[in-house]
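Residue strings, one per chain:
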Amino acid sequence: PFEAAQALPQDSSYQAKVRTHFGQRLHSMHYDGKNQALDIRVNGGSVRDHGDRLTPKFGGMRDEVETIIELAQLKGWKSIKVQGGEEFRRNLWKSAVRHGYPPDAIQGYTPTDDELTLSKKEGEGKTGREASLPAPSSFIAAALRARLRK
């Protein structure tokens, strides 16, 4: 995985990793030099990669949430700080846990007791692709704006 400082949107080796990871699911990828961000469209959602944060372009649709988590793992980030609406934060928390992030590595959303219980049960029964995911990585997502915690 890339170190956070190495996973810059304009870096061609990072872009190649994104292409390889998403394969046929990747519909388009474009570097916006004016905003210094990489626009990534996977399935039905689009995500903007600013280097130190990832933002959904269409309000946090399911494909965007999944893409954000996969990009975070690709970047090698270890924790998540989420900002935005309650539903977006909940969906991002659930997706991150499904992808192997420990619940306490996700800040900005407080899960219900039922969600915590379910996440523990899901974690115990992982098989196949989810069981073989790399260790989660450090990640910041925002519906509007977020700053990298130092």
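Counting of residues starts from 1 at the beginning of each chain's written sequence and follows it residue by residue. In keeping with the predicted nature of the model, local features appear solely for residues at pLDDT of at least 70, side-chain atom pairs appear and are counted solely at 80 or more, and the whole-chain, interface and lining totals rest on all residues. The side-chain values count all of the structure's non-hydrogen atoms but skip hydrogen atoms and water molecules.

J.: How would you explain the side chain of threonine 67 if you had to name every residue and give the values?
T.: Helix and strand assignments come from DSSP, with helices taken as H or I runs of at least 4 residues and strands as E runs of at least 2, each series counted from the N terminus. Topologically, threonine 67 is positioned in helix 2 (residues 62–75). Any pair of nitrogen or oxygen atoms within 3.5 Å is treated as a polar contact; in protein, a donor-acceptor pairing is required on top of that, and neighbouring residues in sequence qualify only through side-chain atoms on both sides. A distance of 2.7 Å separates the side chain of threonine 67 from the backbone oxygen of aspartate 63, its partner in a polar contact. Whether two residues touch is decided by their heavy atoms; if any such pair falls within 4.5 Å, the residues are in contact. In contact with threonine 67, not counting residues within four places along its chain, are Phe22, Val42 and Val47.

J.: Break down the packing of aromatic side chains for me, citing the residues and quoting the values.
T.: Only centres within 6.5 Å qualify two rings of Phe, Tyr or Trp (six-membered ring in Trp) as a pair; their planes then separate them into stacked at under 30 degrees, edge-to-face at over 60, and tilted for everything else. Applying the stated criterion across every chain, the model contains 1 aromatic pair. For a ring to carry a charge above it, either NZ of a lysine or CZ of an arginine must fall within 6 Å of the ring centroid while also lying within 35 degrees of the normal to the ring plane. Just above the ring of tyrosine 14 sits the side chain of lysine 75; from NZ or CZ to the centre is 4.7 Å.

J.: Quick one: what's the story with the pairing of strand 3 (residues 45–49), residue by residue and with numbers?
T.: Throughout, exposure labels follow a simple rule: accessible area from a 1.4 Å probe, protein chains only, divided by the maximum for the residue type, with under 20% read as buried, over 50% as exposed, and the rest as partly exposed. Here strand 3 lies mainly inside the structure; 5 of its 5 residues are buried. Of the pairings in the sheet, the one linking strand 2 (residues 37–42) to strand 3 comprises 5 bridges and is antiparallel in character. Each residue of the ladder has a partner; that of arginine 41, found in strand 3, is serine 46. Two elements, strand 3 and strand 4 (residues 54–56), share 3 bridges in a ladder whose sense is antiparallel. Note on strand 4: the bridge partner recorded for arginine 48 is threonine 55. From the end of strand 3 to the start of strand 4, which pair antiparallel, there are 4 residues, and glycine 51 there has a positive phi angle of about 95°. At least two DSSP bridges between two strands are required for those strands to pair.

J.: How would you summarise the nonpolar core if you had to cite specific residues and measurements?
T.: Buried residues of nine kinds, namely Ala, Val, Leu, Ile, Met, Phe, Trp, Tyr and Cys, make up a nonpolar core once their side-chain atoms join them within 4.5 Å. With 27 residues, the main nonpolar core has Val18, Ile40, Leu71, Ile80, Leu92, Tyr101 and Ile106 as its most contacted residues. Looking at this core, the elements with two or more residues in it are helix 1 (12–22), strand 1 (26–32), strand 2, helix 2, strand 5 (80–83) and helix 3 (86–98). Broken down by element, this core gets its largest block of residues, 6 residues, from helix 2. For isoleucine 40, the contacting residues outside a window of four places in its chain are Val18, Leu26, Ser28, Met29, Gly45, Ser46, Val47, Asp49 and Leu71.

J.: Break down helix 2 for me, citing the residues and quoting the values.
T.: Over its 14 residues, helix 2 extends 20 Å from the first C-alpha to the last, a length consistent with the 20 Å expected when each residue adds 1.5 Å. Burial analysis of helix 2 places 12 of its 14 residues in the buried class, the great majority of the element. Within helix 2 the residues assigned to the buried category are Glu64, Val65, Glu66, Thr67, Ile68, Ile69, Glu70, Leu71, Ala72, Gln73, Leu74 and Lys75. In the stretch just after helix 2, glycine 76 is the one whose phi turns positive, near 85°. Working rule for helices: expected span equals 1.5 Å times residues minus one.

J.: Describe the pattern of salt bridges, and please don't skip the residues or the numbers.
T.: A pairing counts as a salt bridge when a side-chain nitrogen of Lys or Arg comes within 4 Å of a carboxyl oxygen of Asp or Glu. In the structure shown here, the tally under the stated rule is 10 salt bridges. Here arginine 48 and aspartate 39 are joined by a salt bridge, their closest N and O atoms 2.6 Å apart. With relative accessibility at 12%, the residue aspartate 39 sits in the buried group. The residue aspartate 39 makes a salt bridge to lysine 57 at a minimum N-O spacing of 3.8 Å.

J.: Give me the lowdown on the confidence of the model for the protein, citing residues and values where you can.
T.: For the protein, the mean per-residue pLDDT works out to 79, and 76% of the residues sit at or above 70. By definition, pLDDT measures how confident the predictor is in each residue, and it falls between 0 and 100. Model confidence for the protein, summarised as mean pLDDT per element, is weakest for strand 7 (residues 139–142) at 37 and strongest for strand 2 at 95. Under a pLDDT of 50 for its full length, residues 1–5 has, in the predicted model, 15 contacts with residues more than four places off or in other chains. With pLDDT under 50 throughout, residues 127–150 is counted as low confidence; its partners more than four residues away or in other chains account for 70 contacts.

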